[in-house]
Structure formats: C-alpha cells, structure tokens
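Chain and residue survey
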Amino acid sequence: MTAPRLLVIQHNLDDHLNELGGPLIDAGLEIEPWFTTTGPEPDLDASAYHGIVSLGALAGLEDEAEHPWMSTERRVLEKALAGGVPTLGICFGAQMLASIAGAEVRRAEVPEIGWATVEMDPAAADDPVLCVLGERLSVFQYHYDAFGSPENGRILGWTGATNQVLAVGERAWGVQFHVEVNPGTVFSWIGTYGEEMRAHGVDVDAVAVETRDRWTTYREVARALSSAFAREVVAFAECA
C-alpha cells in the first residue's frame with residue numbers, strides 16, 4: 001500500500017502543525033500542505049486524500065466573501081464529509097466543520113484567549129479519537145468566534161457555555177482550542193499579538209507562567225490526539 005495522503009490546510013504562517021506533526025509522520029502519512037494564501041489549490045476531489053487537517057486562521061467565516069480560498073476549503077471539506085474521509089479541524093477548522101454540519105458560527109460574546117478548562121461529555125469516551133482527551137483537560141485558546149450546536153453533529157466538550165469539541169459523522173472531529181501549540185508558538189503569539197491580548201483584558205504574564213507549567217502535559221495531549229487521528233487515516237486508507 002502506498003503511503004496515505006494527508007492534506008493539511010494552513011491559513012497563517014504562524015499557525016502550523018507544531019506538536020501534531022510528529023505522530024502523523026511516525027504513522028507513515030504523506031503530508032501535503034496547502035497554504036491557502038499563496039499555495040495552489042488542492043485536488044478538489046476529496047477522495048484523492050485519506051485524511052484532512054484544517055488549522056486555525058486569523059480570518060473568520062463571516063469574511064468568506066473576501067477570501068476566495070475559504071469557499072474552496074468549504075467545498076473540499078464538504079466532499080470529505082460526504083465521502084467519510086477522516087477530517088480534523090482546529091479552531092477555524094472546527095468552526096468550518098461546524099458550519100458545514102449546520103451550526104451557526106458567530107462572534108463570541110467574550111473572546112477566549114489563554115488557558116482554560118474543557119469539560120468533556122462522557123460519550124466522548126466511546127469515540128476513537130476524542131477518547132484520548134479524558135474527562136477534563138486544560139487547553140490553550142485564541143479565538144473570537146464560537147459555533148452553536150450542529151444539526152448533523154454532536155457537541156462533546158465545553159468551557160462553560162461555549163462549545164469546544166464536536167464530532168460530525170463517524171470520521172470528522174473539531175476542537176475549538178489550539179491543541180497544536182507548544183511554548184514556541186505561545187511566546188511567539190505573545191510577542192506578535194501581546195497588545196491585542198492586553199486590550200481584551202488578558203494577563204499576558206499569567207499566560208506565560210501557565211504555559212511554562214502546562215506545556216509538557218499539553219504536548220502529550222496533542223500527540224495522543226494526533227496519533228488517534230492518524231490511526232483513523234491509516235485504517236481508511238487500507239479500506240480505500
């Protein structure tokens with residue numbers, strides 16, 4: 001069998017696979033990146049891929065008319081969902097999945113920036129990918145939008161009243177938080193967006209301290225999720 005093909009959709013230079021990358025490579029996946037603002041469009045036939053990862057973005061779904069790549073990505077993910085191609089959405093990617101599944105994506109009443117605690121639905125324990133998140137986990141957030149409950153999906157994790165984790169069908173998953181980040185990413189974002197964080201009332205120094213305290217545990221969460229997703233991609237490729 002040839003190596004399973006994984007399409008990785010990257011929207012910004014400073015948000016990439018990070019900690020998710022290693023387990024995907026170790027699983028033998030052939031990673032094919034699409035950088036949406038400069039790269040050529042991917043094969044719109046989602047059946048050409050055995051898995052898709054959609055990462056975070058500075059843009060929001062309300063800006064779709066201004067970003068041609070967004071409509072392209074929507075078509076790719078729609079075909080992937082219809083064909084049962086394993087798909088993982090991170091932050092913006094999760095919002096796109098939620099939107100395709102019939103959920104409203106809107107501006108959040110309060111942005112979530114920094115570390116927070118996600119409570120998981122007990123049903124997630126039976127999911128082949130989300131089960132690795134456990135009952136409760138600390139996560140790193142950086143988003144201004146939120147998604148509602150999808151007509152064709154399930155919400156399986158929350159921070160308070162904000163949806164954080166969803167499953168669509170049998171092979172698509174989304175997490176609102178940035179499970180991929182490591183300390184390098186967080187401190188880079190503090191350097192780049194620190195004033196913006198402070199403008200929203202974020203204690204940037206506290207974020208830095210929590211990052212130092214939590215990063216080793218968070219790395220294991222990222223690797224476990226990536227490994228679980230990779231197993232789904234490999235299994236799908238073997239049956240394709």
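Residues numbered from 1 in each chain as written. Predicted model: local features only at pLDDT ≥ 70, side-chain atom pairs only at ≥ 80, totals over all residues. Heavy atoms only, no water.

**Some remarks on the pairing of strand β8 (residues 162-168)**
Two faces belong to every sheet, and in a regular strand the side chains alternate between them. Heads up, the condition is: Per-residue accessibility, obtained with a 1.4 Å probe over protein chains only, is compared with the maximum for each type, and a residue is labelled buried under 20%, exposed over 50%, and partly exposed between these values. Each helix is a run of H or I in the DSSP string that is no shorter than four residues. Each strand is a run of E no shorter than two, and both are numbered from the N terminus. When DSSP locates at least two bridges between a pair of strands, those strands are taken to pair.
Counting buried positions along β8 gives six out of seven residues, so the element sits mostly inside the fold. Where strand β7 (residues 154-159) hands over to β8, the hairpin turn is made up of two residues, of which G160 adopts a positive phi near 60°. Relative to strand β9 (residues 172-175), β8 is paired through four bridges, and the arrangement is antiparallel. Within β9, the residue paired with L166 across the bridge is G174. Taking the residues between adjacent antiparallel strands as the criterion, β8 and β9 are bridged by three residues, where G169 takes a positive phi near 65°.

**A look at the pattern of salt bridges**
Cut-off, in case you're wondering: Here, a salt bridge means any side-chain nitrogen of Lys or Arg that lies within 4 Å of a carboxyl oxygen of Asp or Glu.
Counted by the stated rule, this structure contains nine salt bridges. As a salt-bridge pair, E62 and R107 come within 3.6 Å of each other at their nearest N and O atoms. One end of the pair, E62, is in the loop between β3 (51-54) and α2 (68-83); the other, R107, is in strand β5 (residues 105-120), with 45 residues separating them in the sequence. What emerges from the salt-bridge pattern is a single network uniting E62, R107 and D145.

**Remarks on the packing of α2 against helix α3 (residues 92-100)**
Here is the rule we go by: Fitted lines through C-alpha atoms serve as axes, helices being fitted only where they are in contact, and the angles separating the N-to-C directions of these axes extend from 0 to 180 degrees. By definition, any crossing whose near helix is turned counterclockwise from its far helix by less than a right angle is left-handed, and any crossing with a clockwise turn is right-handed. We call two residues in contact when some of their heavy atoms are within 4.5 Å. Throughout, the ten residues Ala, Val, Leu, Ile, Met, Phe, Trp, Tyr, Cys and Pro are labelled nonpolar, Asp, Glu, Lys and Arg are labelled charged, and all others, Gly among them, are labelled polar.
The contact between α2 and α3 brings their axes to 10 Å, and the two run at 65°. α3 is crossed by α2, and the crossing has right-handed handedness. Contact residues: α2 offers W69, M70, E73, R74, L77, E78 and L81, while α3 offers F92, M96, L97, S99 and I100. Considered class by class, the residues forming the contact of α2 with α3 number eight nonpolar, one polar and three charged.

**Remarks on the packing of aromatic side chains**
Rules: Between 30 and 60 degrees the pair is tilted, below 30 it is stacked and above 60 it is edge-to-face, where a pair is any two Phe, Tyr or Trp rings, Trp via its six-membered ring, whose centres lie within 6.5 Å.
Within this structure, the stated rule accounts for eight aromatic pairs. Ring geometry for W115 and Y218: centres 5.0 Å apart, planes at 70°, overall edge-to-face. Placement of the pair is W115 in strand β5 and Y218 in helix α5 (residues 204-239), with a sequence separation of 103 residues. Assessed through its relative accessible area of 14%, W115 is described here as buried. The class for Y218 is buried, based on a relative accessible area of 3%. By way of ring pairs, the aromatic residues W115, F140, Y142, Y144, W189, Y193 and Y218 are connected into one cluster.

**A closer look at the environment of V8**
You can see V8 is positioned in strand β1 (residues 5-10). Along the sequence, V8 and M96 sit 88 residues apart, while their C-alpha atoms lie 14 Å from each other. Every residue in contact with V8, bar those within four places of it in the chain, is listed here: L17, I31, E32, P33, W34, V53 and L55.

**A word on the state of the cysteines**
One covalent bond between the sulfur atoms of two cysteine residues makes up a disulfide. Stated formally: By definition, disulfides here are pairs of cysteine sulfur atoms that lie within 2.5 Å.
According to the stated counting rule, one finds zero disulfides in the structure shown. Its sulfur unpaired, C239 is 19 Å from the next cysteine sulfur, which belongs to C131. Residue C239 is classed as exposed on the basis of its relative accessible area, which comes to 71%.

**What about the pairing of β3?**
Here is the rule we go by: By convention a crossover is right-handed if, when the strands point away from the viewer, the path from the first strand over the helix to the second runs clockwise.
Residues G51 and V53 point to one face of β3 and I52 and S54 to the other, with burial holding for every one of them. Where β1 and β3 come together, four bridges link them in parallel fashion. Bridge pairing links I9 to S54 in β3. One ladder, built from three bridges, connects β3 with strand β4 (residues 87-90); its direction is parallel. The partner of I52 across the bridge, within β4, is T87. Note on the crossover from β3 through α2 to β4: the handedness is right-handed.

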